[in-house]
Amino acid sequence: MAGELAGKVAIVTGGAGGIGRATVELFVAEGARVLIADRDGTAGTALAAALGPSALFMAVDVADRAQVQAMVARAVDAFDGLHILFNNAGISCAPFPHFLDDSLADFDRVMAVNLLGPMLGTQAAARHMKDHGGGVILNNASIAGLLAGQAMMSYRASKAGLIQFSKSVAIDLAQHGIRVNCLVPGHIRTSLSSFSAQGAEADRAARVDAAIDAVYLSNQPLKRRGVPDDVAQAALFLASDRARQITGIAMPVEGGVVAGDPVNHLEDILAARAQALSD
């Protein structure tokens, strides 16, 4: 539906790359004016310039309350309002394979960006929205916050907290006509999920990427790696009037991972039984 965000003003944090960039581009294409908030000034400035007068870049650390409040004020002043906030900015943690080896040295920063940041953004945006007809707040979590698993405990904890916060604040802000929903991406192909062999020869890098893809897809029913636009399209839906009756949900965008194990264990059991009986 072309132009379904016409007349809307949005902020996308972490908007200079990956899922954020794809969402900024889609929102602008659908008629929104967008403030791109990111720490990467080079990429953010270039993206805003490429998108023209419908986009504006602002350097923001989402873990800093004053900067977040200034971000909301800038969007309102520049575009005369604020209707949508996408708390997309996030960071990973050090990839220790086992918790007993994890130094937890980055715990405070991971929590500050991934959980406190969306809380600060939600509060600042909602204070404006409640007096101006309501609005939409989207938070970007991860299946790592929905499904238990090994490794990267700080990241998992931050995203699990974000999902619970999103549901809880959706209840609180509904009285002001503010919808809050949470996106739960899976194995989306971004720099945050990349373990590729950077700097390697093209054929070797391709083999590494294929091997990593096989691991990512091993528990995913749909055998396709997601791309940033997949999440951007879900964000567009939740930000639009098509989702006007939807609040407090955590929407997976992950090829069916949370639906269950795609391995046919019964088939494997019957095959093992048949093999044992034939021996």
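Above this text is the structure in question.
Summarised in this report is the structure supplied together with it. If you're wondering where the values come from, they're calculated on a predicted model, not measured in any experiment.

Digging into the environment of Asn 264
With respect to the helices and strands, Asn 264 occurs in the loop between strand S7 (250–253) and helix H8 (265–278). Along the primary structure Asn 264 and Ala 206 are separated by 58 residues, whereas in three dimensions their C-alpha atoms are 29 Å apart.

Digging into the layout of surface pockets
In this structure, the second largest pocket spans a volume of roughly 200 Å³. Counting only elements with at least two residues in the lining of the second largest pocket, the list comes to helix H4 (107–129) and helix H5 (153–173). Among the elements that take part in the lining of the second largest pocket, H4 stands out by supplying seven residues, more than any other. Per-class residue counts for the lining of the second largest pocket are seven nonpolar, three polar and four charged.

Some thoughts on unusual backbone geometry
The residue Leu 104 is not glycine, and still its phi comes out positive at about 60°. For Leu 104, the position within the fold is in the loop between strand S4 (84–87) and H4.

Considering the packing of helix H3 (residues 65–79) against H4
Each pair of packed helices can be described by the angle between their axes along with the distance between the axes. Interhelical geometry of H3 versus H4 gives an angle of 35° and a closest axis separation of 9 Å. Here the hand of the crossing between H3 and H4 comes out right-handed. Across the interface between the two elements, Arg 65, Val 68, Gln 69, Val 72 and Val 76 from H3 touch Leu 120, Gly 121, Gln 123, Ala 124, Ala 125, Arg 127 and His 128 from H4.

Section: the pattern of salt bridges
Counted under the stated rule, the structure contains seven salt bridges. With its nearest N and O atoms 2.9 Å apart, the salt bridge here joins Arg 242 to Glu 4. Of this pair, Arg 242 sits in the loop between helix H7 (228–239) and S7 while Glu 4 is found in the segment before strand S1 (9–13), placing the two residues 238 residues apart along the sequence. Ionic pairing is found between Asp 213 and Arg 189, a salt bridge with its closest N-O pair at 2.9 Å. Here Asp 213 is found in helix H6 (residues 202–217), whereas its partner Arg 189 is found in the loop between strand S6 (178–185) and H6, with 24 residues between them in sequence.

Points about the pairing of strand S2 (residues 33–38)
Most of S2 sits out of view: five of its six residues are buried. Pairing of S1 with S2 involves five bridges; the strand directions are parallel. Residue pairing in the sheet places Thr 13 in a bridge with Ala 37 of S2. Crossover S1 to S2 through helix H1 (residues 18–29) is right-handed.

As for H4
With 23 residues, H4 should reach 33 Å at 1.5 Å per residue; the first-to-last C-alpha distance of 32 Å fits that figure. Where H4 bends most, at Leu 116, the angle is about 40°, and the proline Pro 118 comes one to four residues later.

Quick word on empty space enclosed by the protein
Under the counting rule described, the total for this entry stands at one cavity of 30 Å³ or more. In this model, the largest cavity occupies a volume close to 30 Å³. What lines the largest cavity is Arg 65, Val 68, Gln 69, Leu 120, Gln 123, Ala 124 and Arg 127. Elements with a contribution of two residues or more to the lining of the largest cavity: H3 and H4. By residue number, the principal contributor to the lining of the largest cavity is H4, which donates four residues. Its residues assigned to classes, the lining of the largest cavity comprises three nonpolar, two polar and two charged.

Here is what the cut-offs are and how they apply
- Residues numbered from 1 in each chain as written.
- Predicted model: local features only at pLDDT ≥ 70, side-chain atom pairs only at ≥ 80, totals over all residues.
- Heavy atoms only, no water.
- Helix = DSSP H or I, 4+ residues; strand = E, 2+ residues; numbered from the N terminus.
- 1 Å grid on protein atoms, 1.4 Å probe; cavity = no way out; pocket = protein on both sides within 12 Å on 5 of 7 lines; lining within 4 Å.
- Points joined across faces, edges and corners; volume = space filled by probe spheres on them.
- Nonpolar A, V, L, I, M, F, W, Y, C, P; charged D, E, K, R; others polar.
- Axes fitted to C-alpha atoms, helices over the stretch in contact; angles between N-to-C directions.
- Left-handed = near helix turned anticlockwise from the far one by under 90°.
- Contact = heavy atoms within 4.5 Å.
- Salt bridge = Lys/Arg side-chain N within 4 Å of Asp/Glu carboxyl O.
- Buried < 20%, exposed > 50% of the residue type's maximum accessible area, 1.4 Å probe, protein only.
- Pairing = 2+ DSSP bridges.
- Right-handed = clockwise from strand over helix to strand, strands pointing away.
- Expected span 1.5 Å × (residues − 1).
- Bend = angle between axes of the 7 residues up to and from the residue.

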